[in-house]
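# Structural characterization, general
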Amino acid sequence: MIWFNIISFHIILLLLPAAALAAVYDPILAQIKPGTITIIGETHKKVESVQLFESLALATIKNHQCVVIGLEIASDQQSALDAIMQGRAAVDEIALWPPIDHPPYRRMIEHFTEHKRQGQCIRVVAIDSGVNNPIDRDVWMARLLMEQPENTPVLVLLGCLHTLKRVDWLNTTGRASVAELLTRWGYRVNSYPQRWLSDNCANGDMQKGRFVKAESPQALTILNDSLMALINAKPHHSAVDAVDGFVVWECDRLSRGDLSHSTR
């Protein structure tokens, strides 16, 4: 089953042309610069998310020579991750958090290893807290991201709720996300959650991505209906204070409908 999933992943990579993907990530890539921390939000175990993130990482290297990549992997796995990146261990030797663990994610790590062996300037950091870590997860991840070199772009892949730069909680137990903490502390944070409007595509249709500007009315709808609705928080009046844009994935048959005209 694992080999079948990996093969399927490669087929999907071939079917999603580079030009179509570039149209999705170009607005994001334009904001990735040294001194910035760019957080890509995901729904875990989505192949499209892995492909988008890997493409952004390689494009960042092309533009800025180097990139620091932060992944939602427990920090106590850093030594294992370093061994993989140095070619001293196999990718199946690292322990991943079950919600993110799927063959395309591990293959992405393998790809980063291959690029590093080819001389690319790439560093992968396990930023999540461990099981017995008493420090809040988001605080821990934000602190580790603060430690990364300021002269290199930092690109991070996290669950979507970690990407919100502002949340007005309706209770006293709500905690600030990674993006909100870093923003409060004066760091330049770019936040781009991904949302899937259709979980399953019929008749062999592929998921097609498009970029939605934070200033657009649709961005506010996506923010409130698909993220704020998940937590006990007030709806936003504008998406601009919470995110810098969305990547929306939908079936091709849907993208030819009304939603395709709502990106601006």
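Preceding block: the structure.
Keep in mind that this is a model prediction, so the values were computed, not measured.

### Remarks on the sheet that holds strand β4 (residues 154-159)
As summarised here, the arrangement of the 7 strands in space is β3-β2-β4-β1-β5-β7-β6, forming an open sheet in which the pairing is mixed. In the strand order of this sheet, the two ends are held by β3 (121-128) and β6 (207-213), each with one partner. Strand-to-strand twist in this sheet, taken as the mean axis angle between neighbours without regard to direction, amounts to 20 degrees. Relative to β4, strand β1 (residues 36-42) runs parallel, the two sharing 6 bridges. Directly across from Thr-38, in β4, lies its bridge partner Leu-155. Contacts from helix α3 (residues 47-64) reach β1, β2 (66-74), β3, β4, β5 (188-196), β6 and β7 (245-251) within the one sheet, and its direction differs from that of β2 by about 150 degrees. Contacts from helix α8 (residues 217-226) reach β5, β6 and β7, with the element oriented near 110 degrees to β6.

### Things to note about the side chain of Asn-224
Positionally, Asn-224 belongs in helix α8. Ignoring any residue separated from it by four or fewer positions in sequence, one finds Asn-224 in contact with Ala-229, Pro-235 and His-236.

### Points about helix α4 (residues 78-85)
For α4, the set of buried residues is Gln-78, Leu-81, Ala-83, Ile-84 and Met-85. Buried positions along α4 lie against β2, α5 (103-117) and β3. Gly-87 sits one or two residues past α4 and shows a positive phi near 80 degrees.

### Notes on the packing of α4 against α5
Relative orientation of the contacting elements α4 and α5 amounts to 55 degrees, with a least axis distance of 8 Å. With respect to α5, the axis of α4 lies oblique. In this structure, α4 contributes Leu-81, Ile-84 and Met-85 to the contact, and α5 contributes Ile-109, Phe-112, Thr-113, Lys-116 and Arg-117. For the contact of α4 with α5, the class distribution of residues is 5 nonpolar, 1 polar and 2 charged.

Criteria and thresholds
- Residues numbered from 1 in each chain as written.
- Predicted model: local features only at pLDDT ≥ 70, side-chain atom pairs only at ≥ 80, totals over all residues.
- Heavy atoms only, no water.
- Pairing = 2+ DSSP bridges.
- Helix = DSSP H or I, 4+ residues; strand = E, 2+ residues; numbered from the N terminus.
- Axes fitted to C-alpha atoms, helices over the stretch in contact; angles between N-to-C directions.
- Contact = heavy atoms within 4.5 Å.
- Buried < 20%, exposed > 50% of the residue type's maximum accessible area, 1.4 Å probe, protein only.
- Parallel < 35°, antiparallel > 145°, perpendicular 65-115°, else oblique.
- Nonpolar A, V, L, I, M, F, W, Y, C, P; charged D, E, K, R; others polar.

Interpretation note: all reported values are geometric properties and have no functional meaning in isolation.
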